[in-house]
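A look at the structure
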Amino acid sequence: MNQPESALFDNAAHILDNFQIEIPSWGFANTGTRFGKFVQPAAASTLEEKFSDAAEVHRLTGATPTLALHVLWDLPRGLADVSEVQTLERRAGIRSGSINPNLFQDQQYKYGSLCNPSAEIRAGALQHVFDSIEIAKRLHARDISLWLADGSNYPGTQSIRKRIEWLQAGLNDAHRQLARDQRLLVEYKPFEPAFYHTDIADWGMSSQLCRAMGPQAFVLVDTGHHYLSQNIEQIVAWLLHLDLLGGFHFNDRRYADDDLTLGSIDPYQIFRIFHEICQHSQPSQSQNPLNRIAFMIDQSHNLKGKIEAMIQTVVTAQELWLKAALIDRDQLAVLQQSCDLVAAEELFRAAFWRDVRPLVAAWRESRRMAANPLAALQEGGYVERITRERASKQSAVSSYA
Ligand SMILES: [Mn+2]
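Attention here is on the structure that accompanies the text. Predicted model, so just to flag it, every value in this text is computed and none were measured.

**Some remarks on the overall build of the protein**
Scanning the protein from N- to C-terminus turns up 15 helices and twelve strands. Taken over the C-alpha trace, the protein has a radius of gyration of 21 Å; the compact-globule value for 401 residues is 21 Å, and the two agree within 12%. For the protein, the C-alpha atoms occupy an extent of roughly 70 × 55 × 40 Å along the three principal directions. When each of the 401 residues of the protein is scored for burial, the buried share is 43%.

**Some words on the nonpolar core**
Ranked by internal contacts, the top residues of the largest apolar core, which has 95 residues, are Val57, Leu114, Leu184, Val186, Val219, Ile311 and Val314. Here this core gets twelve residues from one element, more than from any other, and that element is helix H10 (residues 306-325). Apart from residues lying up to four places away in sequence, Val314 is in contact with Ile21, Val57, Thr61, Ala63 and Thr64.

**Quick notes on the environment of Val71**
Of note, Val71 is situated in helix H3 (residues 71-74). When sequence neighbours within four positions are dropped, the list of residues in contact with Val71 reads Gly78, Ile99, Asn100, Pro101, Asn102, Ser132 and Ile135.

**Some remarks on helix H13 (residues 357-366)**
Listing the buried residues of H13 in full gives Leu359, Val360, Trp363 and Arg364. One side of H13 holds all its buried residues, which, seen down the axis, span an arc of 140°. For H13, the exposed residues lying more than 90 degrees away from the buried face are Pro358, Glu365 and Ser366. Backbone geometry just downstream of H13 places Arg368 in the positive-phi region, at approximately 60°.

**Structural notes on unusual backbone geometry**
Here the bond from Glu192 into Pro193 is cis, since omega is 5°, no more than 30 degrees from zero. The topology assignment puts Pro193 in the loop between strand E8 (183-187) and strand E9 (197-198). If you check the backbone angles, Glu192 has positive phi at about 75° while not being a glycine. Here Glu192 lies in the loop between E8 and E9.

**What about the packing of H10 against H13?**
Interaxial distance between H10 and H13 falls to 10 Å at its minimum, and their mutual angle equals 115°. With respect to H13, the axis of H10 lies roughly perpendicular. Considering how the two elements wind past one another, H10 and H13 form a crossing that is right-handed. Along its contact with H10, which presents Gln318, Glu319 and Leu322, the element H13 presents Arg357, Leu359 and Val360.

**Here we look at the environment of Arg292**
Tracing the backbone shows Arg292 in the loop between helix H9 (267-280) and strand E12 (294-297). Note on Arg292: 16 C-beta atoms within 10 Å, which makes it partly exposed. The spatial distance from the C-alpha of Arg292 to the C-alpha of Ala217 is 12 Å, given a sequence separation of 75 residues.

**As for the pairing of strand E10 (residues 217-222)**
For E10, the buried fraction is high: six of the six residues fall into the buried class. Sheet topology note: the E8/E10 ladder contains four bridges and is parallel. Residue pairing for E10: Glu187 is matched across the bridge by Leu220. Across four bridges, E10 lies against strand E11 (residues 245-250) in parallel orientation. Within the sheet, the bridge partner assigned to Leu220 lies in E11 and is Gly247. Crossover connection from E10 via helix H8 (residues 232-241) to parallel E11: handedness right-handed.

**Quick word on the packing of helix H11 (residues 329-337) against helix H12 (residues 341-353)**
Contact pair H11 / H12: the axes reach a minimum separation of 8 Å and the direction vectors enclose 155°. With respect to H12, the element H11 is oriented roughly antiparallel. The handedness of the crossing between H11 and H12 is left-handed. Residues Gln331, Leu332, Leu335 and Gln336 of H11 touch H12, and the partners they reach there are Ala343, Ala344, Leu347 and Phe348. Looking at the contact of H11 with H12, its residues break down into six nonpolar, two polar and no charged.

**Re the environment of Asp266**
Structurally, Asp266 can be placed in the loop between E11 and H9. Put simply, Asp266 and Arg388 are 122 residues apart on the chain and 35 Å apart in space, counted from C-alpha to C-alpha.

How each quantity is defined
Residues numbered from 1 in each chain as written. Predicted model: local features only at pLDDT ≥ 70, side-chain atom pairs only at ≥ 80, totals over all residues. Helix = DSSP H or I, 4+ residues; strand = E, 2+ residues; numbered from the N terminus. Rg over C-alpha atoms; globule rule 2.2 N^0.38 Å. Buried ≥ 20, exposed ≤ 12 C-beta atoms within 10 Å, placed from the backbone. Core = buried A, V, L, I, M, F, W, Y, C linked by C-beta atoms within 7 Å. Contact = placed C-beta atoms within 7 Å. Arc of directions from axis to C-beta. Axes fitted to C-alpha atoms, helices over the stretch in contact; angles between N-to-C directions. Parallel < 35°, antiparallel > 145°, perpendicular 65-115°, else oblique. Left-handed = near helix turned anticlockwise from the far one by under 90°. Pairing = 2+ DSSP bridges. Right-handed = clockwise from strand over helix to strand, strands pointing away. Nonpolar A, V, L, I, M, F, W, Y, C, P; charged D, E, K, R; others polar.

Right, dumping it as structure tokens:
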């Protein structure tokens, strides 16, 4: 390598060393659509298998040291399951990531959880959030990611105003349970499963709830939870401006909350989001560790192989992150200031079209990983082995993940 090439490699290697993205336990389990579930012989059906699959993804990509857990699916006995999780963490070399309460699957949540008209059901939902916070404390997990499926399907059938008050009161109580180094991340979604109103429909509602809760509540942006053509990077820029961006659930979509592989439909959108974050994370910015942005994946692949899809996702994220991180932002600022529109756009576009794959491959080899993780997965025989081992255990699975 000549001088400029080796400086570029060093810079890229530094960027990639510092890039981590959290993968979800439910991404390895059999999942489906509301029409049905297609069972895969290699899917994980125990938490041990989910940790094992996560370790394989981390071994091949070097970027996924943590696994997001779903309390109902992964710790069905709640706190009683914590010690087993700790054993699996040690065995797999993977740490527990964000803890996700489940406030949508029980029958009692038919008309909502924290926004349910029944005080008793609201209290039960809140207790589950408290338990989730306690589980997170025991597992040294910083983030509790809250997604409410609450809402209504028909105008006039629920009091939107009362539900706001119940929700804010419950969230305030939850915030008081947090340890000093914990955060509550609040997701929003404009529709589905409710189709008339959802109780946290957009980033404005989520931001307001977080502000009222206190300094440890942040907004979680799920890229699939927006109306079509919404400018997500502008929302990200605003949340950064307000110091309210807690993290992301990355996925891609064509129509609604499709949970497709990151970057498979619109890689330029993820690049634009990453650009806003890279722009923000200059050293001059706030160093509060609570403000560190959590990158997480929220995808469920019911047609693609689960481990293959997860590796594809992580590799795509690494490539898009590197493209965005390598933008010449000083030069871009000059062109923006002088309103040199075509030159500014060309600089931006050139960064997107730059082929960084050789750089990422060289980085992998320099870190003792295979240059091509998908090929290495196939050659290593992991999927073949688990297909054999797990095939006989697969049966009709009733829960979502
Ligand atoms: Mn999500």
